[in-house]
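The primary structure of each chain is shown beneath.
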Amino acid sequence: MSEWESAYIIDKLTCDRHDAGPGGPRPRPWRKTPESKEELQLNIAIYTLGCKVNQYETQAMEQALTGRGHALVDFDGPADAYIINTCTVTAVSDKKSRQMIRRARRMNPAAIVAVCGCYAQLHPEEVRDLDVDLIAGTSDRMAFLRLLEEAARERGPLLRVGDIMRRRDFEVLPAGGMERRTRAMLKVEDGCTNFCSYCIIPYARGPVRSLPLDRAAEQARELEAAGYREITITGIEISSYGRDLPGGVGLIDLLERVSQAAPSVRLRLGSLEPRTITEDFCQRAAALPGLCPHFHLSLQSGCDDTLRRMNRKYTTHRYQEGLELLRAAFPRPAITTDLIVGFPGETEAEFQQTLRFVEQCAFAEMHLFPYSIRSGTPAASMAQVDAAVKEERCRQAAQLARGLQKHYLTGCVGNVYPVLFEQPIGKGRRWVGHAPNYCAVTVRGSDLHNLILPVRIDAVEEDMLVGEIL
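Treat the numbers as computed from the prediction; the structure is a model and nothing was measured. (Residues numbered from 1 in each chain as written. Predicted model: local features only at pLDDT ≥ 70, side-chain atom pairs only at ≥ 80, totals over all residues. Heavy atoms only, no water.)

Student: How should I be thinking about the packing of aromatic side chains in this particular structure?
Tutor: In this description, an aromatic ring pair is defined by two values, namely the gap between the centres and the angle between the planes. Going through the model one piece at a time under the given rule, you end up with nine aromatic pairs. Measuring from ring centre to ring centre gives 5.4 Å for Phe-195 and Tyr-203, while their planes differ by 70°; the resulting arrangement is edge-to-face. On the basis of relative accessible area, Tyr-203 is assigned to the partly exposed category, the value being 31%. Seen in terms of ring centroids, Tyr-319 and Phe-363 are 6.2 Å apart; in terms of plane orientation they differ by 75°. Their pairing is edge-to-face. With Tyr-319 in helix α12 (residues 316-329) and Phe-363 in the loop between α13 (348-361) and β16 (365-370), this residue pair connects regions lying 44 residues apart in the sequence. By the burial criterion, Tyr-319 is buried, and Phe-363 matches it. (Phe/Tyr/Trp six-rings, centres within 6.5 Å; stacked < 30°, edge-to-face > 60°. Buried < 20%, exposed > 50% of the residue type's maximum accessible area, 1.4 Å probe, protein only. Helix = DSSP H or I, 4+ residues; strand = E, 2+ residues; numbered from the N terminus.)

What follows is the structure, given as structure tokens:
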């Protein structure tokens, strides 16, 4: 038994459905090899909800499963086993997670249904009530896959969710993506200790754990050798990268090491906290030739009083300083953000202050979220904003966001960008890719997959740039 397995509780659940039913026992999905050994071979379907970290971890599980002889199949079809990698960032995420679990069970009542991720970590008892075979949380994906095989062989349901707050090790997973993907993800950090008053994720992911610099460089070299042209640096809260490592290393040290290890690959950053953006960070980042000038800088509110209630660790003045540093270091960077609308206690005056600040920031794109109550967080017990008011404020914020995005895209016309092409659209007559600023670009062409080509931008169509290859 591994260290992980010995530290976690296994609860064998009783459920007669797994032994027999109207149709008799479930067929065992394995065969005898010529050596008369039982070799498990499953057709496995995976559905992923939530953030890029979940996507990354699913990709790692896909690689491990195919390496163990299993086949990946479409989630909407028949399968021997279904994996649902869940999310719990909002109440809607919880609902979608439950819906996908129920869908898997309906599609094949005889299949193994295995559930992991943040929703399973925080609410294992709710998942257990949905008639599943294996429940795990946010730790040790490789052990989860071994348990999936055990559940298929033994037909005994397993619950494997431990105390995530006690985790101190970073699970190193294979980086990359599946076949024909041009961009790979490299997870370098897990966990969060910010404890924003609205957020449940620290309780689902535990403390900060970081991928050592040498391992990050090694994985970046492997991705470059595999043909990937771009790497997205991701994690639950990458601004905290290195906090648990010796030597006082931080995110900029990681970027320099990865850039040195894979010099031909473009680097793209995941979501950042404003504290990351210092003069030193900007100067060193601007010196990296492959770093994309696209920065997702979390805002959440443009009102200092609201930020205090959110337990965010910055003011609008500090946020504005970060924007100025980025725009001084990079030519016309794309700065995107998140905004929570209708946070508890948000008055109309505070909301209007947020709109004015957002307009001043001139974001290239915004992700808007109406506040969602998360049980167990401080904000859940605060005075709530009426649902109709939240809806109207979302409408106003979305209108402003569309205007800011159009303004940024229009400013791209006439410029030339190196575009990484990913896939054909429109029956193959056009191809779409992304510029370094992460704007989607479409051109006429064929067979452009995984090529980086210079494109002059001629027009804007909705939320996409239209150009011509030079």
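Student: How do you make sense of empty space enclosed by the protein when you look at a structure like this?
Tutor: It is a probe the size of a water molecule, rolled over the atoms, that shows where empty space is left. Scanning the model with the defined rule gives two cavities of 30 Å³ or more in all. Estimates place the volume of the largest cavity at around 80 Å³. The wall of the largest cavity is formed by 13 residues, among which Thr-138, Glu-171, Lys-187, Asp-190 and Arg-209 lie closest to the centre. Across the lining of the largest cavity, the residue classes tally to two nonpolar, two polar and nine charged. (1 Å grid on protein atoms, 1.4 Å probe; cavity = no way out; pocket = protein on both sides within 12 Å on 5 of 7 lines; lining within 4 Å. Points joined across faces, edges and corners; volume = space filled by probe spheres on them. Nonpolar A, V, L, I, M, F, W, Y, C, P; charged D, E, K, R; others polar.)

Student: Whenever I open this one, the pattern of salt bridges confuses me. Can you help?
Tutor: Any two side chains of opposite charge can pair if their charged atoms end up close together. For the coordinates displayed, the defined rule picks out 29 salt bridges. Between Glu-57 and Arg-205 there is a salt bridge whose closest N-O contact spans 3.0 Å. Taken together, the residues Glu-57 in helix α2 (residues 52-67) and Arg-205 in helix α7 (residues 201-205) connect sequence positions 148 residues apart. Given the relative accessible area of 1%, Glu-57 is considered buried. Residue Arg-205 is classed as buried on the basis of its relative accessible area of 0%. Glu-346 is the partner of Arg-393 in a salt bridge, and the nearest nitrogen-oxygen pair spans 3.0 Å. With Arg-393 in helix α14 (residues 387-410) and Glu-346 in the loop between β15 (334-341) and α13, the pair connects residues that are 47 residues apart, well separated along the chain. Neither Arg-393 nor Glu-346 differs from the other in exposure class; each is buried. Residues joined in a network through salt bridges with shared partners are Glu-57, Arg-141, Lys-187, Asp-190, Arg-205 and Arg-209. (Salt bridge = Lys/Arg side-chain N within 4 Å of Asp/Glu carboxyl O.)

Student: Quick question: what am I supposed to make of the pairing of strand β18 (residues 430-434) here?
Tutor: Residues in a regular strand project their side chains so that they alternate between the two faces of the sheet. In terms of residue burial, β18 counts as a mostly covered element, since four of its five residues are buried. The sheet contact formed by strand β17 (residues 416-425) and β18 spans five bridges and is antiparallel. For Ile-425, the partnering residue across the bridge sits in β18 and is Arg-430. Between β17 and the antiparallel strand that follows it, β18, lie four residues; Gly-426 among them carries a positive phi value of about 60°. Note: β18 against strand β19 (residues 440-444), five bridges, orientation antiparallel. Along β19, the bridge assignment pairs His-434 with Ala-440. Here β18 hands over to β19 after five residues, with Tyr-438 in that stretch at a positive phi of 70°. (Pairing = 2+ DSSP bridges.)

Interpretation note: all reported values are geometric properties and have no functional meaning in isolation.
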